[in-house]
Each structure stands twice: as structure tokens, then as C-alpha cells.
Amino acid sequence: MKTDIQIAQEAEMIHIREVAARYGIAEDDLELYGKYKAKLSDELIEKTKQNKDGKLILVTAINPTPAGEGKTTTSIGLSQAFGKLGKNCLLALREPSLGPCFGIKGGAAGGGYAQVVPMEDLNLHFTGDFHAITAANNLLAALLDNHIQQGNALQIDTRQIVWKRCMDMNDRALRNIVVGLGTKSDGFVREDHFVITVATEIMAILCLASDMADLKKRLGDIIVGYNYSGEPVTAGQLQAVGAMAALLKDALKPNLIQTLEHTGAIVHGGPFANIAHGCNSIRATKTALKIADYVITEAGFGADLGAEKFFDIKCRKAGLKPDAVVLVATVRALKYNGGVPKNELSAENLDALKKGICNLEKHIENLQKYQVPIVVTLNSFLTDTQAEYEYIRSFCEEKGCEFALSRVWEKGGGGGIELAEKVLKTLEEKTSAFQPLYPDDMPLKEKIRTVATEIYGASDIACTPAAEKTLARLTELGFGNLPVCIAKTQYSLSDDQYKLGRPSGFTVTVRDVYVSAGAGFVVVLTGAIMTMPGLSKTPAAYGIDVDEHGKITGLF
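So, here is what we can say about the structure in this document. (Residues numbered from 1 in each chain as written. Predicted model: local features only at pLDDT ≥ 70, side-chain atom pairs only at ≥ 80, totals over all residues. Heavy atoms only, no water.)

## Looking at the overall build of the protein
So, point 1. Scanning the protein from terminus to terminus reveals 20 helices and 24 strands.
So, point 2. In summary, the protein has a C-alpha radius of gyration of 23 Å against a globular reference of 24 Å for 556 residues, a match within 12%.
So, point 3. Structurally, the protein occupies a C-alpha span of about 70 × 55 × 50 Å along its principal axes.
So, point 4. Taken across its 556 residues, the protein has 60% of its residues classed as buried.
So, point 5. Accessible surface, the protein: about 21,400 Å² in total, of which carbon and sulfur atoms supply 50%. (Helix = DSSP H or I, 4+ residues; strand = E, 2+ residues; numbered from the N terminus. Rg over C-alpha atoms; globule rule 2.2 N^0.38 Å. Buried < 20%, exposed > 50% of the residue type's maximum accessible area, 1.4 Å probe, protein only. Areas by Shrake-Rupley, 256 points an atom, 1.4 Å probe, with all protein chains shown as cover.)

Given below as C-alpha cells:
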């Protein structure tokens with residue numbers, strides 16, 4: 001059996017200008033990065049703004065398990081199936097982070113015969129967007145420390161600096177550091193921190209900005225710390241905006257690549273969904289909607305994180321109204337939620353399936369609260385049985401959802417025809433009445449409690465004294481109307497990764513809160529979630545190599 005990277009490396013790609021031409025995009029509107037990658041010009045984005053919007057389809061999933069769900073694979077395969085049905089369809093996806101690529105999760109190019117290519121480029125440096133974000137973030141950090149060194153005219157309290165440095169790699173040793181050691185000329189000694197690039201506010205800002213003017217305004221609003229009077233100090237006050245914007249000028253432009261079957265894929269931005277808002281850029285999604293009749297996008301990790309943030313942050317900020325949701329599950333993942341060990345998931349086990357399907361049930365109920373029609377799809381594995389399929393099909397139909405099997409990993413677009421037809425049927429027969437979960441004017445603490453109780457299924461929240469104090473302070477500073485971006489484990493509906501299925505009666509612990517004023521949301525840290533991941537005992541990097549001919553192996 002061929003590996004994902006072998007399939008991708010053997011793919012016959014067409015020139016990116018041919019892909020673009022299928023959507024009426026002229027070569028003059030492309031900024032080429034070789035034959036198979038291009039950025040879309042600002043001029044194209046501007047002149048398509050008057051076009052009618054296509055239909056927006058969100059792909060999300062149940063909580064991830066070691067058995068795998070295949071959310072990105074399903075998104076890509078579904079777009080290829082739309083192509084086989086003669087539909088004008090575009091993908092709008094996130095860019096992968098180097099952290100997971102060399103860590104444990106792998107890349108984000110899909111799998112099997114449902115991939116976007118060039119796969120190696122996408123999973124590694126791509127068009128340099130993440131490097132630009134890292135550089136802009138760290139430039140601001142350098143300017144901040146330099147301001148303090150040069151006399152601290154803004155009277156920044158070095159005990160209240162909230163801006164962190166970043167890198168797009170898992171490195172737990174950098175979570176908490178001390179800077180400025182050495183002589184007086186080496187800077188002011190203080191505690192500092194690193195986060196992974198995909199959890200930074202710059203990443204969120206890039207993905208939420210509508211154009212360069214909006215980007216610069218958001219950059220200027222970034223709070224880097226507080227002065228001795230407790231007032232916020234911003235990047236604008238540090239005179240950092242122009243230089244940061246210059247670094248981000250090209251990164252702001254969406255990237256165009258293709259699937260194995262030459263469907264266009266706009267891939268842009270990549271915030272994590274467990275510790276950030278988890279969506280590709282608004283610019284990419286809105287541009288896709290102006291170019292194609294159908295746009296398939298995805299939200300990160302499970303629907304309790306990715307879909308909630310897509311609806312309550314991205315759609316709220318951009319005025320987007322999704323027309324349908326595809327909820328991805330697998331028989332194996334549901335049995336895992338039912339208590340079956342990973343090494344026993346291949347055997348038919350209807351009792352475990354009946355026990356574990358409560359996780360799928362909760363995600364269906366959550367999505368229904370947003371009043372968007374739902375199609376449930378099972379990402380098929382060879383070890384699944386017909387009896388297991390029929391049980392899940394009946395369960396979903398009883399919940400008022402369309403149901404379809406997906407075999408896109410094995411068969412590409414041809415394996416997604418059943419799913420594509422169900423999505424089209426849903427779009428024709430059902431109307432989305434989308435609305436966010438909570439209003440803007442709800443107090444911050446109540447927003448957190450609403451998400452925790454309504455989406456996670458918690459009985460309540462418990463805020464640490466420090467979190468309580470910060471919530472009150474942020475409200476006083478005028479940030480009470482912002483949505484909340486809750487950082488939580490992706491492996492459970494609760495804030496405890498070991499509670500599988502559909503836990504109940506638990507309390508979500510809010511340990512810290514801070515505002516991302518430029519992005520326009522309040523970040524809430526729960527449980528033991530970290531904004532700088534670490535590497536496992538056997539990281540994926542051990543298996544990645546390149547031979548004397550430049551061929552990469554081990555990347556997935």
C-alpha cells in the first residue's frame with residue numbers, strides 16, 4: 001500500500017495558472033511561487049468583491065482520538081467529489097504548522113487520494129507566511145525590550161508585560177525563560193515566554209484582517225503590557241506598526257494550490273483550534289465565496305473547539321453565514337470513546353459503539369444550536385462492518401441529520417460522491433438560520449459559562465482569583481463586548497483529556513485570561529492547556545529524511 005507522501009510525489013500536477021483559469025482567474029492576478037503555488041493579488045480580491053457569494057460548507061469533526069478522524073481528508077475529498085459532479089467548488093483551508101509536522105500529529109495536506117499538493121511544500125515552508133508572522137511577532141518583542149532599555153518613556157511596568165516571543169516549533173524549554181542576562185548593555189533582566197507561532201495574536205490578526213488598512217489598525221491595537229498606572233501600552237505606541245506590516249505584506253495575500261484531482265485550494269493562515277481560533281483567513285474564505293459556487297472550509301479539531309470558534313468568532317467578525325455543516329466521525333473513534341483500546345478497534349463491537357456514540361450525539365446537538373443543517377459522514381476504514389454502519393446511519397437519521405459514507409482516502413473524489421450528493425440535497429432542501437451562541441453584550445464570564453455549559457456539557461466554571469481579577473479589569477478597560485476564545489484540550493469535551501465519550505457533572509477551571517485586542521477576542525486558558533507544545537518521546541522528526549536526489553521521506 002502506498003503512503004500518503006508516495007501518492008503525493010507521484011501525482012501529476014497541472015500548472016497553477018491552469019487551476020486558476022478554471023475559476024476565471026487570469027495569470028496577471030497570480031504571484032507565482034514556481035509552477036504549482038501562487039498568491040492571489042490584491043487587485044483580484046478587490047475586483048471580485050461585487051460578485052455574488054457562493055454556498056459555504058463547514059467541515060468539522062468529533063473529538064480527535066488516536067484512531068484518527070480524517071477531517072481534512074474529508075474536506076479535500078468532498079471538494080473533489082463536487083468536481084466530479086460538475087460543480088464549481090473551491091477549498092479554503094489552513095496552512096500546517098511545523099510544530100505538529102515534526103512532533104506527533106503530522107501535516108495537514110489530507111491523506112490517501114484526497115490530498116492537496118505540492119504536499120512537501122505545504123507541510124514545510126510553503127510561501128513563507130508563518131516565517132513572516134514569526135518575524136513580525138519577534139520584531140515587536142525586540143522593540144518592546146529596546147524601548148525599556150532606552151529609557152522606558154512609556155513607563156512600562158516590566159512585571160506586567162504580556163507580549164511573548166514565538167517560534168513555529170514545539171519547544172517546551174522556551175515556555176518560561178529569563179532575558180537580559182549579562183551586562184547593562186544586554187538589556188533589562190526580566191522573565192519572558194515563548195508561544196508557538198500558530199497561537200500568536202499576529203496569526204489571529206492576519207486571519208481576521210480584511211485588508212492592509214485593517215491589518216495595520218489591528219496591529220496598532222495589540223496590547224504588549226501595562227504601565228505603572230495600570231493602563232495598557234500598545235504596539236502603536238511603540239511605533240512598531242509600519243515595520244510589522246511591511247513584514248506581513250505578502251503573507252496577507254491568500255495562497256492557491258490544487259488537490260490531486262486539480263480542484264483549487266486557497267490555503268491561508270493556520271491558528272490552532274485548541275489554543276487559538278482555529279480557522280483559515282477571512283480574506284481567503286470571502287475571496288473563495290466570490291469566485292466559486294461552493295466553498296468547503298474546515299474548522300480545527302473537534303466541533304466543541306473548531307466549529308464553536310468558527311461560528312462565534314470568525315462568522316461573527318466577518319458576517320459569514322454557513323449554509324451547511326459536515327460532521328466527520330469514524331467507527332473506530334466512536335468505539336474508542338466507548339472504551340475499546342486502540343489495538344482492538346478493528347474488531348466489530350456494537351456494544352462499544354453504542355456506548356461511544358454519545359460523543360457524536362453531543363456534537364450533533366451542539367451544531368443544531370447554531371441552526372445550520374448537518375450532514376454526518378463516516379470516514380470509512382477497511383475494518384468497519386455493515387452492521388456498524390447501519391447502526392450509526394439510523395442513529396443520525398433519528399437525530400434529523402443526513403448521513404453518508406466517505407471513502408475518499410481510498411478512492412479520491414469518486415469515494416465522496418454519496419457525501420457530495422447528500423450535501424447538495426441538504427443545501428437544496430434545508431435553509432440555514434445561523435446565529436452565534438451568545439450576544440456581544442453578554443458579560444465575559446457569562447460567555448465563558450455559556451460555552452462551557454452549552455457546548456462542553458459542564459455543570460459550571462470555576463475561575464481562579466487571578467482570572468476573576470483579570471475579567472473584571474478587562475471589562476473596565478472596555479473589552480467586555482468581545483467574544484471569548486477558549487483554550488482547552490481537544491481530546492475531550494471537558495478540560496480533562498482523559499474524560500472520553502460525553503462527560504457530565506464536571507467543572508471547567510479557568511486559570512488565566514488575557515485580551516488579544518488586535519484580534520478582537522479574549523483568550524481564556526482552561527485546565528492544563530499549554531500555548532507552547534512539547535515534543536513526544538519519539539517525535540515524528542526522527543522518521544523524516546531527504547536523500548541525495550532531494551526526495552523527502554517520512555513526512556505525513
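## Digging into the pairing of strand E16 (residues 324–329)
For a regular strand, side chains alternate in direction, first toward one face of the sheet and then toward the other.
So, point 1. Counted residue by residue, E16 has 6 buried out of 6 residues, so it is predominantly covered.
So, point 2. Side chains Ala 324, Val 326 and Val 328 project from E16 onto one buried face, and the interleaved Val 325, Leu 327 and Ala 329 project onto a second face that is buried too.
So, point 3. Pairing analysis gives 5 bridges linking strand E3 (residues 55–61) to E16, with the strands arranged parallel. Each residue of the ladder has a partner; that of Val 59, found in E16, is Val 326.
So, point 4. In this sheet, strand E17 (residues 374–379) lies alongside E16 in parallel orientation, the contact comprising 5 bridges. (Pairing = 2+ DSSP bridges.)

## Describing helix H10 (residues 241–248)
So, point 1. Of all the positions in H10, only Val 241, Met 244, Ala 245 and Leu 248 are classed as buried. Looking down the long axis of H10, one finds its buried residues gathered within 100 degrees of arc, a one-sided arrangement.
So, point 2. Close packing links the buried residues of H10 with helix H7 (129–149), helix H8 (201–208) and helix H9 (212–221). (Arc of directions from axis to C-beta. Contact = heavy atoms within 4.5 Å.)

## Quick word on the packing of aromatic side chains
So, point 1. Taken as a whole, this structure holds 5 aromatic pairs when the rule is applied.
So, point 2. Taking the centre distance of 4.4 Å and the plane angle of 35 degrees together, the rings of Phe 311 and Tyr 370 count as tilted. Of this pair, Phe 311 sits in helix H12 (residues 303–318) while Tyr 370 sits in the loop between helix H15 (358–368) and E17; the two residues are 59 residues apart in sequence, bridging distant segments of the chain.
So, point 3. On the accessibility criterion, Phe 311 (0% relative accessible area) is buried.
So, point 4. An aromatic cluster is defined as three or more aromatic residues linked by ring pairs; in this entry it consists of Phe 310, Phe 311, Tyr 370 and Phe 434.
So, point 5. Sitting above the plane of the Tyr 514 ring, Lys 164 keeps its charged end 5.5 Å from the centroid.
So, point 6. Lying across the ring of Tyr 456, Lys 488 places its NZ or CZ 4.7 Å from the centre. (Phe/Tyr/Trp six-rings, centres within 6.5 Å; stacked < 30°, edge-to-face > 60°. Lys NZ or Arg CZ within 6 Å of the ring centre and 35° of its normal.)

## Details of the nonpolar core
So, point 1. Core analysis: the biggest nonpolar cluster contains 136 residues, and Leu 219, Ile 222, Phe 311, Leu 360 and Ile 392 have the highest contact counts within it.
So, point 2. In this structure, Leu 219 is in contact with Ile 202, Ile 205, Ala 235, Val 241, Met 244, Ala 245 and Leu 248, ignoring residues within four places of it in sequence.
So, point 3. Ile 76, Leu 78, Phe 126 and Leu 427 belong to the second largest nonpolar core, which has 39 residues in total. (Core = buried A, V, L, I, M, F, W, Y, C linked by side-chain atoms within 4.5 Å.)

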